[in-house]
Amino acid sequence: MQYVSTRGQSDPLSFTKAVATGLAPDGGLYVPMDLPDLRPFLKDWEGLGYADLCEEFFKLFATDLDPVVLKQCVRDAYLDFSHPDTAPLKTLEKGLHVLELFHGPTLAFKDFALQLLGNLYEAQIQRTGNPINVLGATSGDTGAAAIHGLLGKEGVNIFILYPRGGVSALQERQMTCTRADNVYAIGIDGTFDDAQNSIKEVFGDLEFRHSAHLSAVNSINLARVLAQCVYYIYAFFRLPEEERENLTFVVPTGNFGNVLAGWWTQKMGLPVKGFHIATNQNDILYRLFTTGKYEVHSVHPSSAPSMDIQIASNFERFLYFHEGQDPARVREIMSQFRDSGQYTFADFNRDTFSASRATDADIQAHIRDIHEQYGYVLDPHTACGFQNLPESGTRVVLGTADPAKFPETIELSIGEHPKSPRLEELKAIEPCSYVLEPDPESVKKFIHEHITS
Ligand SMILES: *Cc1c(COP(=O)(O)O)cnc(C)c1O
């Protein structure tokens with residue numbers, strides 16, 4: 001299997017090369033040259049456990065990776081999940097389920113992709129003998145999940161910048177209480193954008209980037225999207241036979257990564273009727289899927305902070321298939337969008353998508369209602385999924401985080417303070433963090449000092 005750039009001006013790459021490269025040199029994102037047909041396999045996959053299913057799925061994509069290495073990477077990725085089903089399906093009532101994707105080490109769904117990506121990086125380091133130093137900025141969940149994906153791995157250091165005071169206390173603890181000596185969680189005096197900008201400049205210094213073996217951690221890595229495909233297939237098999245028709249996945253989304261993965265499985269032949277895109281008040285995707293106009297507004301912080309995003313970085317992968325796999329069209333649309341902050345589709349095909357947006361007040365109301373009706377506690381991101389829930393057929397809402405990660409909003413909604421044993425354990429560990437000014441020279445100096453010592 002080969003992977004091509006959505007902008008069509010970079011050479012196709014194999015799986016391992018595309019994973020190691022991240023962003024394509026032409027600025028595009030890697031996508032499979034053609035999506036395979038899963039239908040011949042579905043019967044055989046029905047009874048598989050999570051890691052086995054993931055392995056079978058990846059065999060179709062990671063065609064240049066040694067199958068023994070693949071097996072090991074996949075197996076190890078899901079060992080540290082605390083639920084025996086890895087991604088359990090909780091039934092609220094017939095036809096309404098929550099797919100719980102938060103039993104991994106950092107209690108949010110990003111662990112599904114980043115645990116595996118960490119293992120793929122480690123395998124790459126062992127294969128090539130080249131150490132790497134991963135650098136990223138985070139507003140919370142991604143940084144914690146990336147750190148836990150790379151914790152203690154041979155040949156890799158990870159440097160994560162976060163805004164001091166701009167992430168929750170628990171998220172900060174997840175990044176700073178790791179006891180691993182290859183992890184550098186760096187609080188900066190500034191905003192997430194300041195962190196992001198200084199990192200861009202560090203990567204822009206090509207000489208430093210090469211001498212320090214820098215690699216990015218970001219939401220656009222191909223392996224992340226593929227890893228997220230697996231739980232859609234797994235969830236389908238967990239449904240009773242009579243509930244598999246008319247199936248809609250409801251996906252709380254920001255970067256379009258999670259819902260893109262589901263849509264790909266549908267294109268590969270998983271019999272899903274549709275996808276419901278659930279945004280918070282940062283509603284660029286809601287507006288696109290209801291009006292056909294893609295237009296950036298400014299970000300308004302919400303109580304579902306991991307979805308406080310305006311430019312959905314994985315959207316370009318959707319666009320590529322929406323435009324009939326025509327990279328020239330992708331380049332044209334992306335450049336117009338970059339120049340004017342908007343693009344209006346003359347013929348936007350909503351395909352199988354519907355959409356809704358939830359305000360902070362809606363989020364609290366859903367947490368309260370679902371708790372009253374079913375005794376089940378939603379996290380604020382998952383709660384967005386209950387806004388204008390499709391009324392008919394089977395609905396599977398993706399549960400993206402453990403409510404214990406966002407205790408303030410839960411407390412406001414239902415007067416209870418949710419706890420998680422994993423988060424309680426963190427309180428006994430001494431945090432280890434560093435503080436820097438958000439300027440690129442300080443960041444480079446810090447990295448240099450810590451990789452040569
Ligand atoms: C990252 C995140 C999301 C949004 O996922 P996308 O892939 O950006 O759509 C939703 N909920 C939680 C808890 C997250 O951490």
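This structure is a prediction, so every number in the text was calculated from the model and none was measured.

Q: Describe the UniProt feature "modified residue: N6-(pyridoxal phosphate)lysine" (unreviewed entry) in the protein chain, with residues and values.
A: Mapped onto this numbering, the UniProt entry gives "modified residue: N6-(pyridoxal phosphate)lysine" (unreviewed entry) at Lys110. Note that Lys110 resides in helix 5 (residues 110–128). Once you skip the residues sitting within four places of it in the chain, Lys110 turns out to touch Asp141, Thr142, Ala145, Arg224 and Ser306.

Q: So what's going on with helix 11 (residues 257–267)? Which residues, and what values?
A: Within helix 11, ten of the eleven residues are buried, leaving the element largely enclosed by the surrounding structure. Burial in helix 11 covers these residues: Gly257, Asn258, Val259, Leu260, Ala261, Gly262, Trp263, Trp264, Thr265 and Gln266. Note on helix 11: the residue one or two positions beyond its end, Gly269, has a positive phi of about 110°.

Q: Lay out the nonpolar core with the relevant residues and their values.
A: With 110 residues, the main nonpolar core has Phe57 and Trp264 as its most contacted residues. In terms of residue count, helix 10 (residues 222–238) provides more of this core than any other element does, 14 residues in total. Beyond its immediate chain neighbours, meaning those up to four positions away, Phe57 contacts Leu38, Trp45, Leu226, Cys229, Val230, Ile233 and Met268. Of all hydrophobic cores here, the second largest spans 21 residues; its members include Ala358, Tyr376, Leu389 and Val397.

Q: Describe the side chain of Gln171, and please don't skip the residues or the numbers.
A: Inspection of the secondary structure puts Gln171 in helix 7 (residues 169–176). Aside from chain neighbours lying at most four places away, what touches Gln171 is Ser139, Gly140, Asp141, Ser306, Lys405 and Phe406.

Q: Outline the environment of Arg395, listing residues and values.
A: By secondary structure assignment, the location of Arg395 is in strand 14 (residues 394–399). Residues Arg395 and Lys90, 305 residues apart in the sequence, show an inter-C-alpha distance of 12 Å. Arg395 has contacts with Glu93, Gly95, Leu96, His97, Thr248, Leu389 and Pro390, leaving out every residue within four places of it along the chain.

Q: Can you tell me about the packing of aromatic side chains, naming the residues and giving the values?
A: The full count for this structure, using the stated rule, is 42 aromatic pairs. Judged by centre distance (5.2 Å) and plane angle (75°), the ring pair of Phe112 and Tyr231 falls under edge-to-face. A residue pair is termed long-range when its members are at least 10 positions apart, and Phe112 in helix 5 and Tyr231 in helix 10 qualify at 119 residues. On the accessibility criterion, Tyr231 (0% relative accessible area) is buried. Here the basic side chain of Arg238 rests over the ring of Tyr234, its NZ or CZ set 4.0 Å away from the ring centre. Over the ring of Phe236 we find Arg244; its NZ or CZ atom is 5.1 Å from the centre of that ring.

Q: Please set out unusual backbone geometry residue by residue, giving values where relevant.
A: Residue Phe256 is not a glycine yet carries a positive backbone phi of 70°. Mapped onto the secondary structure, Phe256 falls in the loop between strand 9 (247–252) and helix 11. Located in the positive-phi region is Asp351, a residue other than glycine, with phi close to 55°. Assignment of secondary structure puts Asp351 in the loop between strand 12 (342–344) and strand 13 (353–357). A relative accessible area of 42% places Asp351 in the partly exposed class.

Q: Go over the sheet that holds strand 9 with me, naming the residues and quoting the values.
A: Strand order in the open sheet made by the six strands is 3-4-14-9-10-13, with mixed pairing throughout. The sheet is open, and its two edges are formed by strand 3 (89–93) and strand 13, each paired on a single side. Neighbour to neighbour, the strand axes of the sheet diverge by 25° on average, direction disregarded. Pairing analysis gives four bridges linking strand 9 to strand 14, with the strands arranged parallel. By the bridge assignment for strand 14, Leu247 is matched with Thr394. Lying on the sheet, helix 10 is in contact with strand 3, strand 4 (96–100), strand 9, strand 10 (274–279) and strand 14; it crosses strand 9 at an angle near 135°.

Q: A description of the site of the ligand should follow, citing residues and the corresponding values.
A: Taken together, 14 residues lie near the ligand, and Lys110, Asp141, Thr253, Gly254 and Asn255 sit nearest. Contacts to the ligand include Asp141, whose side-chain N or O atom sits 2.7 Å from an oxygen atom. Asn258 has a polar backbone atom sitting 3.2 Å from an oxygen atom of the ligand. Protein coverage of the free-state accessible area of the ligand, which is 390 Å², stands at 96%.

Q: Give a detailed account of the pattern of salt bridges, specifying residues and quantitative values.
A: It is possible for side chains of opposite charge to pair when their charged atoms get near one another. Counted according to the given criterion, the structure contains 22 salt bridges. When the shortest N-O distance is used, the salt bridge between Glu55 and Arg75 registers 3.3 Å. Taken as a pair, Glu55 in helix 3 (residues 50–59) and Arg75 in helix 4 (residues 67–77) lie far apart in primary sequence, 20 residues in all. Owing to a relative accessible area of 6%, Glu55 belongs among the buried residues under this scheme. Arg75 sits in the partly exposed class, given a relative accessible area of 30%. Ionic pairing is found between Glu122 and Lys153, a salt bridge with its closest N-O pair at 3.9 Å.

Q: Go over the environment of Arg357, please, and point to the residues and values.
A: Examined against the element boundaries, Arg357 turns out to sit in strand 13. Once residues lying within four places of it in the same chain are set aside, the contact partners of Arg357 are Thr279, Asn280, Gln281, Asp283, Tyr286, Asp362 and Gln387. A polar atom in the side chain of Arg357 sits 2.9 Å from the side chain of Asp283.

Q: Which residues make up empty space enclosed by the protein, and what are the values?
A: Going through the model one piece at a time under the given rule, you end up with three cavities of 30 Å³ or more. Estimated volume of the largest cavity: approximately 70 Å³. What lines the largest cavity is simply Phe15, Thr16, Val19, Ala20, Leu65, Leu120, Tyr121, Ala123, Gln124 and Arg127. Going through the elements one at a time, helix 1 (15–21) and helix 5 are the ones with two or more residues in the lining of the largest cavity. The biggest single contributor to the lining of the largest cavity is helix 5, with five residues. Residues of the lining of the largest cavity, tallied by class, amount to seven nonpolar, two polar and one charged. Reported here for the second largest cavity is a volume of approximately 40 Å³. Leu114, Leu117, Gly118, Tyr121, Ala146, Gly149, Leu150 and Val217 are the residues that line the second largest cavity. Elements with a contribution of two residues or more to the lining of the second largest cavity: helix 5 and helix 6 (141–150). Of all the elements, helix 5 adds the most residues to the lining of the second largest cavity, at four residues.

Basis of the calculations
Residues numbered from 1 in each chain as written. Predicted model: local features only at pLDDT ≥ 70, side-chain atom pairs only at ≥ 80, totals over all residues. Heavy atoms only, no water. UniProt positions renumbered as here; feature names shortened; annotations may be inferred. Helix = DSSP H or I, 4+ residues; strand = E, 2+ residues; numbered from the N terminus. Contact = heavy atoms within 4.5 Å. Buried < 20%, exposed > 50% of the residue type's maximum accessible area, 1.4 Å probe, protein only. Core = buried A, V, L, I, M, F, W, Y, C linked by side-chain atoms within 4.5 Å. Phe/Tyr/Trp six-rings, centres within 6.5 Å; stacked < 30°, edge-to-face > 60°. Lys NZ or Arg CZ within 6 Å of the ring centre and 35° of its normal. Pairing = 2+ DSSP bridges. Axes fitted to C-alpha atoms, helices over the stretch in contact; angles between N-to-C directions. Near = heavy atom within 4 Å. Polar contact = N/O pair within 3.5 Å; in protein donor to acceptor, adjacent residues only side chain to side chain. Areas by Shrake-Rupley, 256 points an atom, 1.4 Å probe, with all protein chains shown as cover. Salt bridge = Lys/Arg side-chain N within 4 Å of Asp/Glu carboxyl O. 1 Å grid on protein atoms, 1.4 Å probe; cavity = no way out; pocket = protein on both sides within 12 Å on 5 of 7 lines; lining within 4 Å. Points joined across faces, edges and corners; volume = space filled by probe spheres on them. Nonpolar A, V, L, I, M, F, W, Y, C, P; charged D, E, K, R; others polar.

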